[in-house]
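Here is what each chain is made of, one letter per residue.
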Amino acid sequence: KTEIIMWCEMGDEQRQVYNQVKALYKEKLMNRIQEEGLAASAIYILEGLTRLRQVCNAPQLIGEQSGGITSSVKLDELMREIVDNTGTHKVLVFSQFTGMLQLISQAMDTAGIPFLYLDGSTKAETRQELVKQFQQDDSQRVFLISLKAGGVGLTLTAADYVYLLDPWWNPAVEAQAIDRAHRIGQTRNVIATRLVARG
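The numbering scheme is per chain: residues are counted from 1 as the chain's sequence reads. Reporting of local features is limited, given that this is a predicted model, to residues whose pLDDT is at least 70; pairs of side-chain atoms are given and counted only at 80 or more, and all residues count toward the totals for whole chains, interfaces and linings. Excluding hydrogens and water, the side-chain figures rest on all heavy atoms present in the structure.

J.: Looking at this structure, I do not really get the overall build of the chain. What am I missing?
T.: Working definition: helices are DSSP H or I runs of at least four residues, strands are E runs of at least two. Numbering for both runs from the N terminus. Regarding its fold elements, the chain presents 6 helices and 6 strands. Along the chain, from the amino end to the carboxyl end, the secondary structure elements read β-α-α-α-β-α-β-α-β-β-α-β. For the chain, the C-alpha atoms occupy an extent of roughly 55 × 35 × 30 Å along the three principal directions. Whether two residues are in contact is decided by their heavy atoms: any pair within 4.5 Å suffices. The long-range share in the chain, meaning contacts at least 24 apart out of those at least 6 apart in sequence, stands at 76%. If you sum the accessible surface of the chain, you get close to 10100 Å²; carbon and sulfur atoms cover 52% of it. Each accessible area is a Shrake-Rupley result for a 1.4 Å probe, and residues are judged covered by the shown protein chains and nothing else.

J.: When you look at the pattern of salt bridges in this model, what are you seeing that I'm missing?
T.: When the charged atoms of two side chains with opposite charge come close together, those side chains can pair. Criterion for a salt bridge: a side-chain nitrogen of Lys or Arg within 4 Å of a carboxyl oxygen of Asp or Glu. The tally for this structure, following the rule as stated, stands at 8 salt bridges. Between E3 and R194 there is a salt bridge; the shortest N-O distance is 2.6 Å. Taken together, the positions of E3 in strand β1 (residues 2-8) and R194 in strand β6 (residues 191-197) put the pair 191 residues apart, joining distant regions of the chain. Exposed residues in this analysis have more than 50% of their type's maximum accessible area, buried residues have under 20%, and partly exposed residues fall in between, with area computed by a 1.4 Å probe over protein chains only. E3 sits in the partly exposed class, given a relative accessible area of 43%. For R194, a relative accessible area of 19% puts it in the buried group. Between E81 and R80 there is a salt bridge, and its shortest N-O distance comes to 3.6 Å.

J.: Quick question: what am I supposed to make of the nonpolar core here?
T.: Inside soluble globular proteins, nonpolar side chains tend to come together where they are buried. What makes a nonpolar core is a set of buried Ala, Val, Leu, Ile, Met, Phe, Trp, Tyr and Cys residues whose side-chain atoms join them at distances within 4.5 Å. V93, M100, I104 and V142 are the most contacted members of the largest nonpolar core, which totals 39 residues. Among the elements that make up this core, the one with the highest residue count is helix α4 (residues 98-111) (6 residues). Not counting the four nearest positions on each side in its chain, I104 is found in contact with L75, L78, V93, L144 and L165.

Just distances and angles here, no functional claims.
Set out below in structure tokens:
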């Protein structure tokens, strides 16, 4: 198993949205901490960090605050990787945010690349059918999976490339996601790539 960090440089528009959201939450949090104390503000701190993580993935994940900006360096880099670098390899793509998986789905459709999709709303019997299809059908090379839904109970050893679109709070959850491919029955080297927005 090889683990790689792919540093992604946000473009000017995406960076501008990031800086605006950061400034907004910084001001709101400083006021709230002064009024209610640090302990009472913890949930709002997590909310701010989650919003910033979403902007790093794709500004449109935060709705109106994005100002209509749709440029996403992570989406661009992921699609480049899938089109140019994975060849005939099979690929697992994980994100915590189902909205990000939807954006990737749209990009895959536009590029004419078939894919499978699994998130928390996928029924148990459908999950097993999707796994079987991915494992056995050579035309299905890409599997988009929400991090929580795909963390345990799936054997996806047909894949040897794994992409993690957003760093997760708990490294063990990321390790479990990678281990969908890197487990007993895997005969190839597994390359796990974390996409991280620099700065």
